[in-house]
Amino acid sequence: MTSKPLLDEAVQAAVIDAVVELGAKLSVWRADEKMRAYINREQHKLAADYAADAFLRATLGKLTPDIPIVSEEDADHFSARAPLYWLLDPIDGTASWRGGFPGFVTQLALVADGEPRFGVVRAPVLDKTFVADGAGRAFLNGARLPARKPTERIVVTDNTPEPHGICVPVMRTLGTDGYHESGSLGLKMCLVADGTADLFVKDVVVRDWDVAPALAVLRSVGALLTQANGSPFLLAGAYDKPGGLLVARDRALWERAGHAMAAAKGWRFQA
């Protein structure tokens, strides 16, 4: 489905440039002990999280001063949602960033009436920039991503060197062909969009800012993202979503993986 972008090309380009610039800053900040310092160890919040948030807020405030901003780094997330707002995840994969691993991203989405209408996900170490332009198109480093099509191959992605947790029974049931280690939630979802992987499953609490930017990219290539039990992932209500995630390149794989996950967890899959 195509629609008219909410941002003109010049503003889109400026937002993308800002996200790429922040990615470069994050790469440099890794060597700065002040940026690596914990502000809130329990929540794994670093000085870099807040510095990245401030950079994005300043940039968006100049480019789109009338659009409110919601960020992971806000003190609370109890306010009613505006019809149009930015949703920021300044560092998705903070542990990867601090630990020296490549799988962190900086990402944002423009959400209109509960739908992600523009999204950017930047993995600076991997030099990958995913963009959904709001007109039904997704791009990786400026090259348009093709629609995902059903294939026999099933490669699963997750964030550990070897499969663990819910991945293990799902992979066993499906008879998968491979496993790809990745980092942040946003990056793993984008790897399903670009064809590096075919499936990503998670059975933990996720949050809207983890998901919204990549959701825009996934929808632009025809991939599916729902809560783990098959119900829609809605950018509404509480920002915390306890239902986990199911991300698949096509509907047939989504149904197979959903039933496998449900059998392993003892819940009902809503196909």
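In this report, we go over the structure that sits alongside the text.

The rules we used
- Residues numbered from 1 in each chain as written.
- Predicted model: local features only at pLDDT ≥ 70, side-chain atom pairs only at ≥ 80, totals over all residues.
- Heavy atoms only, no water.
- Helix = DSSP H or I, 4+ residues; strand = E, 2+ residues; numbered from the N terminus.
- Buried < 20%, exposed > 50% of the residue type's maximum accessible area, 1.4 Å probe, protein only.
- Pairing = 2+ DSSP bridges.
- Contact = heavy atoms within 4.5 Å.
- Axes fitted to C-alpha atoms, helices over the stretch in contact; angles between N-to-C directions.
- Arc of directions from axis to C-beta.
- Lys, Arg positive; Asp, Glu negative; His and termini not counted.
- Salt bridge = Lys/Arg side-chain N within 4 Å of Asp/Glu carboxyl O.
- Polar contact = N/O pair within 3.5 Å; in protein donor to acceptor, adjacent residues only side chain to side chain.
- Disulfide = S-S within 2.5 Å.
- Phe/Tyr/Trp six-rings, centres within 6.5 Å; stacked < 30°, edge-to-face > 60°.
- Lys NZ or Arg CZ within 6 Å of the ring centre and 35° of its normal.
- Parallel < 35°, antiparallel > 145°, perpendicular 65-115°, else oblique.
- Left-handed = near helix turned anticlockwise from the far one by under 90°.
- Nonpolar A, V, L, I, M, F, W, Y, C, P; charged D, E, K, R; others polar.

Observations regarding the environment of valine 168
Then, number 1: Within the secondary structure, valine 168 sits in helix H5 (residues 167-174).
Then, number 2: A relative accessible area of 31% means that valine 168 is categorised as partly exposed.
Then, number 3: Sequence spacing of valine 168 and tryptophan 97 is 71 residues, and the spatial spacing of their C-alpha atoms is 26 Å.

Digging into the pairing of strand S5 (residues 105-112)
Then, number 1: When you tally the buried positions in S5, you get 8 out of 8 residues, the bulk of the element.
Then, number 2: Because side chains alternate across S5, one face comprises the buried residues Val105, Gln107, Ala109 and Val111, and the other comprises Thr106, Leu108, Leu110 and Ala112, equally buried.
Then, number 3: Two strands pair when backbone bridges link them, and strand S4 (residues 84-92) and S5 are joined in this way by 7 bridges, in the antiparallel orientation. Looking at the pairing, leucine 84 lines up with alanine 112 of S5.
Then, number 4: Pairing of S5 with strand S6 (residues 115-123), which is carried by 7 bridges, proceeds in the antiparallel orientation. Bridging across to S6, alanine 109 finds its partner in glycine 119.
Then, number 5: Once S5 ends, the chain turns through 2 residues before running back antiparallel as S6, passing aspartate 113 with a positive phi of about 50 degrees.

Quick notes on the sheet that holds S6
In a beta sheet, neighbouring strands pair by backbone hydrogen bonds and run either parallel or antiparallel.
Then, number 1: In space, the 7 strands of this open sheet follow the order S3-S4-S5-S6-S7-S8-S9, with mixed pairing throughout. Each edge of the open sheet is held by one strand with a lone partner, namely strand S3 (69-71) and strand S9 (143-144).
Then, number 2: Contacting S4, S5, S6 and strand S7 (128-132), helix H1 (residues 9-29) runs over the sheet at an angle of about 35 degrees to S6.

Section: the environment of glycine 195
Then, number 1: When you line up the elements, glycine 195 lands in the loop between helix H6 (185-193) and strand S12 (199-202).
Then, number 2: Leave out the neighbours within four places in its chain, and glycine 195 touches Arg148 and Arg153.

Some thoughts on H5
Then, number 1: Buried within H5 are the following residues: Cys167, Val170, Met171 and Leu174. Buried residues of H5, seen end-on, are gathered within an arc of 95 degrees and therefore sit on one face of the element. Opposite the packed face of H5, turned more than 90 degrees from it, sit the exposed residues Arg172 and Thr173.
Then, number 2: Contacts made by the buried residues of H5 are with strand S10 (155-158), strand S11 (178-181), S12 and helix H8 (251-265).
Then, number 3: Remark: glycine 175 follows H5 within two positions and exhibits a positive phi of approximately 65 degrees.

Comments concerning the side chain of aspartate 49
Then, number 1: Along the chain, aspartate 49 falls in helix H3 (residues 47-63).
Then, number 2: The charged side chain of aspartate 49 is buried without a salt bridge, its nearest counter-charge being lysine 45 at 5.4 Å.
Then, number 3: At 2.7 Å, the side chain of aspartate 49 forms a polar contact with the backbone nitrogen of leucine 46.
Then, number 4: Leaving out residues up to four positions away in the same chain, aspartate 49 has contacts with His44, Glu73, Pro90, Ile91 and Thr94.

What to know about the state of the cysteines
Then, number 1: A full pass over the atoms with the stated rule returns 0 disulfides.
Then, number 2: Cysteine cysteine 167 is unpaired, with the sulfur of cysteine 190 as its nearest cysteine sulfur at 17 Å.
Then, number 3: For cysteine 167, a relative accessible area of 0% puts it in the buried group.

Side note on the packing of aromatic side chains
Then, number 1: Tallied over the entire structure, the rule returns 3 aromatic pairs.
Then, number 2: On the basis of an interplanar angle of 75 degrees and a centroid distance of 6.2 Å, the ring pair of tryptophan 86 and phenylalanine 118 is categorised as edge-to-face. Residue tryptophan 86 is found in strand S4, and its partner phenylalanine 118 is found in strand S6; the two are separated by 32 residues along the sequence. The exposure classification of tryptophan 86 matches that of phenylalanine 118, with both residues buried.
Then, number 3: Taking 5.7 Å as the distance between ring centres and 25 degrees as the angle between the ring planes, the aromatic pair formed by tryptophan 209 and tyrosine 239 counts as stacked. Residue tryptophan 209 is located in helix H7 (residues 208-220), and its partner tyrosine 239 is located in the loop between strand S14 (224-226) and strand S15 (240-241); the two are separated by 30 residues in the primary sequence.
Then, number 4: Assessed through its relative accessible area of 4%, tryptophan 209 is described here as buried.
Then, number 5: Stacked on the ring of phenylalanine 233, the Lys or Arg lysine 241 has its end atom at 5.5 Å from the ring centre.

Topic: the packing of H5 against H8
Then, number 1: Relative orientation of the contacting elements H5 and H8 amounts to 125 degrees, with a least axis distance of 9 Å. Taken together, the axes of H5 and H8 are oblique relative to one another. As H5 packs across H8, the resulting crossing turns out to be right-handed. Contacts from Pro169, Val170, Thr173 and Leu174 of H5 reach H8 at Leu253, Arg256, Ala257, Ala260, Met261 and Ala264.
Then, number 2: When its residues are assigned to classes, the contact of H5 with H8 shows 8 nonpolar, 1 polar and 1 charged.

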